[in-house]
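# Examining the three-dimensional arrangement
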Amino acid sequence: MTEYSIHRPRFTGTTRNDWVFPTAQDFDTSDLSAAADRFLVSASGFEEPDSLDDLYLPVVDRRGELSLNALFAARDGPYDADQIPDLDADTRAELDTLIDDLGTEHFEEYQEVVVSDADWAAATGGAPANPTGGVVGDTITAAEASYSSTGATIGLLFLAVATVAVNRLRGRR
């Protein structure tokens, strides 16, 4: 089993802007220790990582800002800790705590989206936690929330186009 290192990254500010998972071109590979500081997990350490492939869960963008959307993606999104091979349960719990700490310390709205297991149990009468959203009993939950103006714009455009299409179909009758 791989021994992973977890650390609190350094950053100069915070951002709520759209976030895209970084590629190798987004990093200066001649200084992997600086690149590693943008990630939460490393398989080969943060001082001198062996390669970018040893780094997981980037949460600091190229401008050095902690990203709210990257935290959501790292916590329960498409790039979460489930993508890390051989991650043990204790390390996963430590990692989830770090992500939640960073989110609640630096983003007021983070707590509004992430619900603790105790709060979930109280709200659902003891139902098991469902952090990825979906339907639990008769309750519908939010899944992978994102504060994205681009996503909202696309959603509104889709709604407008669908409304026009429905109105045209009604007019043909």
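Just above, that's the structure.
Let me sum up the structure you'll find in this document. Computed from a prediction, not measured in an experiment: that's the story for all the values here.

### Quick look at the overall build of the protein chain
Across its full length, the protein chain holds six helices and seven strands. Each helix (α) and strand (β) of the protein chain, taken in turn from the N terminus, gives the series β-β-α-β-β-β-α-α-α-α-β-β-α. When the 173 residues of the protein chain are sorted by exposure, 38% land in the buried category. Sequence separation of 24 or more characterises 60% of the internal contacts of the protein chain that already satisfy a separation of 6 or more. Counting only carbon and sulfur atoms, one obtains 51% of the accessible surface of the protein chain, whose full area is about 10,600 Å².

### Considerations on the pattern of salt bridges
Should their charged atoms come close, side chains of opposite charge can pair. Enumeration according to the criterion identifies ten salt bridges in this entry. Of the charged contacts in the structure, one is a salt bridge between Arg 92 and Asp 82, with a shortest N-O distance of 2.6 Å. Highlighted residues: Arg 92 in helix α3 (residues 89-106) and Asp 82 in the loop between α2 (68-76) and α3, separated in sequence by ten residues. The exposure class assigned to Arg 92 is buried, which follows from its relative accessible area of 17%. You can call Asp 82 exposed: its relative accessible area is 57%. The network of salt bridges with shared partners includes Arg 75, Asp 76, Asp 82, Arg 92, Asp 96 and Asp 100.

### A word on the nonpolar core
Grouped together as the largest cluster of nonpolar side chains are 24 residues, with contacts concentrated most on Leu 40, Leu 57, Ile 84 and Leu 95. Of all the secondary structure elements, the ones that give two or more residues to this core are β3 (39-42), β4 (55-58), α2 and α3. The greatest single-element share of this core, amounting to six residues, is contributed by α2. Here Leu 57 is in contact with Arg 38, Phe 39, Leu 40, Val 41, Ala 74, Tyr 79, Asp 80, Ala 81, Ile 84, Leu 95 and Ile 99, once residues within four sequence places are set aside. Formed by eight residues, the second largest nonpolar core is a distinct cluster that contains Phe 27, Ala 35, Phe 39 and Leu 52.

### Observations concerning the sheet that holds strand β1 (residues 5-6)
Read from one edge of the open sheet, three strands run β1-β3-β4, paired in antiparallel fashion. Edge strands, defined here as strands with exactly one partner in the open sheet, are β1 and β4. Here two bridges tie β1 to β3, and the two strands are oriented antiparallel to one another. Directly across from Ile 6, in β3, lies its bridge partner Val 41.

### Examining α3
With 18 residues, α3 ought to run about 26 Å at 1.5 Å a step, and its terminal C-alpha atoms sit 26 Å apart, in line with that. With a side-chain oxygen lying 3.1 Å from the backbone nitrogen of Asp 90, the N-terminal cap of α3 falls on Asp 88.

### Regarding the environment of Ser 44
Looking at the element boundaries, Ser 44 is found in the loop between β3 and β4. Relative accessible area serves as the criterion here: at 24%, Ser 44 is assigned to the partly exposed category. Counting along the chain gives 39 residues from Ser 44 to Ser 5, while the straight-line C-alpha distance between them is 7.5 Å. In this structure, Ser 44 is in contact with Pro 49, Asp 50 and Asp 54, ignoring residues within four places of it in sequence. A polar side-chain atom of Ser 44 sits 2.7 Å from a polar atom in the side chain of Asp 54.

About the cut-offs
- Residues numbered from 1 in each chain as written.
- Predicted model: local features only at pLDDT ≥ 70, side-chain atom pairs only at ≥ 80, totals over all residues.
- Heavy atoms only, no water.
- Helix = DSSP H or I, 4+ residues; strand = E, 2+ residues; numbered from the N terminus.
- Buried < 20%, exposed > 50% of the residue type's maximum accessible area, 1.4 Å probe, protein only.
- Contact = heavy atoms within 4.5 Å.
- Areas by Shrake-Rupley, 256 points an atom, 1.4 Å probe, with all protein chains shown as cover.
- Salt bridge = Lys/Arg side-chain N within 4 Å of Asp/Glu carboxyl O.
- Core = buried A, V, L, I, M, F, W, Y, C linked by side-chain atoms within 4.5 Å.
- Pairing = 2+ DSSP bridges.
- Expected span 1.5 Å × (residues − 1).
- Polar contact = N/O pair within 3.5 Å; in protein donor to acceptor, adjacent residues only side chain to side chain.

Don't take any of this as a statement about function, it's just geometry.
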